[in-house]
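Structure assessment
The residues making up each chain are set out below.
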Amino acid sequence: MWNILTNPAFLTASFVLFLICCFPIKLHASTISSVGSPNVEKDRLTAEIRQGYSLDNEDDGKGGEDQRLRSRFHVDYGLTEYYAPRVVVSTDRRKGGSVEFDTLTFENRFQLLKQKNAPLDFGIRLGYSLRDGDKKPDRTYINLYERKDIGEWQFRANQLFSHDIGEDAGDGISAELRLQATSEVAENVELGLESFNDFGNLAEQSGYSAQQHSAGPVIKAGLGGGYGLETGYRAGVSKSALDHSFRIFLSKTF
């Protein structure tokens, strides 16, 4: 059975089918976000499809997040050992609604430090998200990424800073901290824990309960043939966080 699941032809067909079903019209939110890596590899082309689903108590004022399906597709290519551009298309479907295009994002990834000659991997991402129609404003951001490998363990940390721009843009900078620790539990399989800590607009702080903090397990697996799988679950820790969020990512490296 495992040989069938890891067969390159089966994986390629599954990836294409997944792409056809999900991409034609399906975001950008924590349910389809990850604790990213700063690593850049020259001539590496990666395509990835992501699905995220959230459940939330409709009585707490966040009913728009209950049974919400978000999706994202992106393509990333390493032009050099230190620079990779990425294009991201995101879509969204609310409870009882239809799938809508959400954002088109252009991102530039720079790896500034590599562990082979520095204490850790370190990188920066600069991006701009164009939002569809009345979903304005647009958003620009700068994100910092760190990765440190210690034996079987891998530790990641991300610091994200964004600012609304253009029509209906407000003042202030939004900030988020993401942390992840994983360990290899089998060949090409990692298991770990992660936390997402969204502090919101730093100019409009109103306490921990108004922020979005969540945590939960994550699993990553290399399937062979350049395919990778990541799945995870997070439960809300603070009052304003989503009660439950689930995600599954499938990637293919060429």
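A quick note: this is a predicted structure, and the numbers were derived from the prediction, not measured.

Conventions and cut-offs
- Residues numbered from 1 in each chain as written.
- Predicted model: local features only at pLDDT ≥ 70, side-chain atom pairs only at ≥ 80, totals over all residues.
- Heavy atoms only, no water.
- pLDDT = per-residue confidence, 0-100.
- Contact = heavy atoms within 4.5 Å.
- Phe/Tyr/Trp six-rings, centres within 6.5 Å; stacked < 30°, edge-to-face > 60°.
- Buried < 20%, exposed > 50% of the residue type's maximum accessible area, 1.4 Å probe, protein only.
- Helix = DSSP H or I, 4+ residues; strand = E, 2+ residues; numbered from the N terminus.
- Pairing = 2+ DSSP bridges.
- Axes fitted to C-alpha atoms, helices over the stretch in contact; angles between N-to-C directions.
- Salt bridge = Lys/Arg side-chain N within 4 Å of Asp/Glu carboxyl O.
- Patch = residues over 30% accessible without salt bridge, like charges linked within 9 Å, V, L, I, M, F, W, Y side chains within 5 Å.
- Areas by Shrake-Rupley, 256 points an atom, 1.4 Å probe, with all protein chains shown as cover.
- Polar contact = N/O pair within 3.5 Å; in protein donor to acceptor, adjacent residues only side chain to side chain.

1. Section: the confidence of the model for the protein chain
For the protein chain, the average pLDDT comes to 87, and 86% of its residues sit at 70 or higher. This stretch, residues 15-28, has a pLDDT under 50; its non-local contacts, to residues over four places away or in other chains, come to 39 contacts.

2. Topic: the packing of aromatic side chains
Applying the stated criterion to the full structure yields three aromatic pairs. Ring geometry for tryptophan 153 versus phenylalanine 155: centroids 6.0 Å apart, planes at 15 degrees, classification stacked. On the basis of relative accessible area, tryptophan 153 is assigned to the partly exposed category, the value being 44%. Under the relative-accessibility criterion, phenylalanine 155 is labelled partly exposed at 35%. Ring geometry for tyrosine 233 against phenylalanine 246: centres 5.2 Å apart, planes inclined by 40 degrees, an arrangement best described as tilted. Separated by 13 residues along the polypeptide, tyrosine 233 in strand β11 (residues 227-236) and phenylalanine 246 in strand β12 (residues 244-253) bring together distant segments of the chain.

3. Considerations on the sheet that holds strand β4 (residues 100-113)
Backbone-to-backbone hydrogen bonds join strands into a sheet, with any given pair of strands oriented parallel or antiparallel. Spatial ordering of the closed barrel is given by β1-β2-β3-β4-β5-β6-β7-β8-β9-β10-β11-β12, a layout of twelve strands whose pairing is antiparallel. For this sheet the average axis-to-axis angle between neighbouring strands, irrespective of direction, equals 20 degrees. Bridge count between strand β1 (residues 45-55) and strand β2 (residues 68-77): ten bridges; the pairing is antiparallel. The partner of glutamate 48 across the bridge, within β2, is histidine 74.

4. Looking at the pattern of salt bridges
According to the stated counting rule, one finds 17 salt bridges in the structure shown. The partner of arginine 234 in a salt bridge is glutamate 194, and the shortest N-O contact between them spans 3.7 Å. In this pair, arginine 234 is assigned in strand β11 and glutamate 194 in strand β9 (residues 189-201), connecting sequence segments 40 residues apart. Classification of arginine 234 by relative accessible area gives buried; the value is 2%. Residue classification places glutamate 194 among the buried residues on the basis of a relative accessible area of 4%. Ionic pairing is found between arginine 247 and glutamate 194, a salt bridge with its closest N-O pair at 2.6 Å. Placement of arginine 247 in strand β12 and of glutamate 194 in strand β9 is noted, with a sequence separation of 53 residues between them. For the pair arginine 247 and glutamate 194, one class covers both residues: buried.

5. Remarks on a nonpolar patch on the surface
Among the surface-exposed residues, Leu45, Val75, Tyr77, Leu79 and Phe254 lie close enough to one another that they form a single nonpolar patch of about 420 Å² accessible area. With respect to the helices and strands, the residue leucine 45 is situated in strand β1. On the basis of relative accessible area, leucine 45 is assigned to the partly exposed category, the value being 31%.

6. Comments concerning unusual backbone geometry
Residues other than glycine predominantly adopt negative phi, and peptide bonds predominantly adopt the trans conformation. With phi around 55 degrees, glutamine 67 is a residue other than glycine that occupies positive phi space. Here glutamine 67 lies in the loop between β1 and β2. On the basis of relative accessible area, glutamine 67 is assigned to the partly exposed category, the value being 34%. Positive phi outside glycine occurs at asparagine 188, with the angle close to 65 degrees. When you line up the elements, asparagine 188 lands in the loop between β8 (174-186) and β9.

7. A few points about the side chain of glutamine 159
Looking at the element boundaries, glutamine 159 is found in strand β7 (residues 153-165). Within the local environment of glutamine 159, its side chain forms a polar contact with the side chain of glutamate 146, the two groups lying 2.9 Å apart. When sequence neighbours within four positions are dropped, the list of residues in contact with glutamine 159 reads Ile142, Asn143, Leu144, Glu146, Glu176 and Leu177.

8. Thoughts on the pairing of strand β5 (residues 121-131)
The sheet contact formed by β4 and β5 spans ten bridges and is antiparallel. When the bridges of β5 are listed, glutamate 107 appears paired with glycine 127. In this structure, β5 lies alongside strand β6 (residues 138-150), joined through nine bridges in antiparallel fashion. Looking at the pairing, glycine 127 lines up with tyrosine 141 of β6.

9. Quick notes on the environment of serine 34
Topologically, serine 34 is positioned in the loop between α2 (8-22) and β1. Overall, the relative accessible area of 13% leaves serine 34 in the buried class. With 160 residues separating them along the chain, serine 34 and glutamate 194 place their C-alpha atoms 9.3 Å apart. Once residues within four sequence positions are removed from consideration, serine 34 is found in contact with Arg50, Asn158, Arg178, Phe196, Glu230 and Phe249. There is a polar contact of 3.5 Å between the side chain of serine 34 and the side chain of arginine 50.

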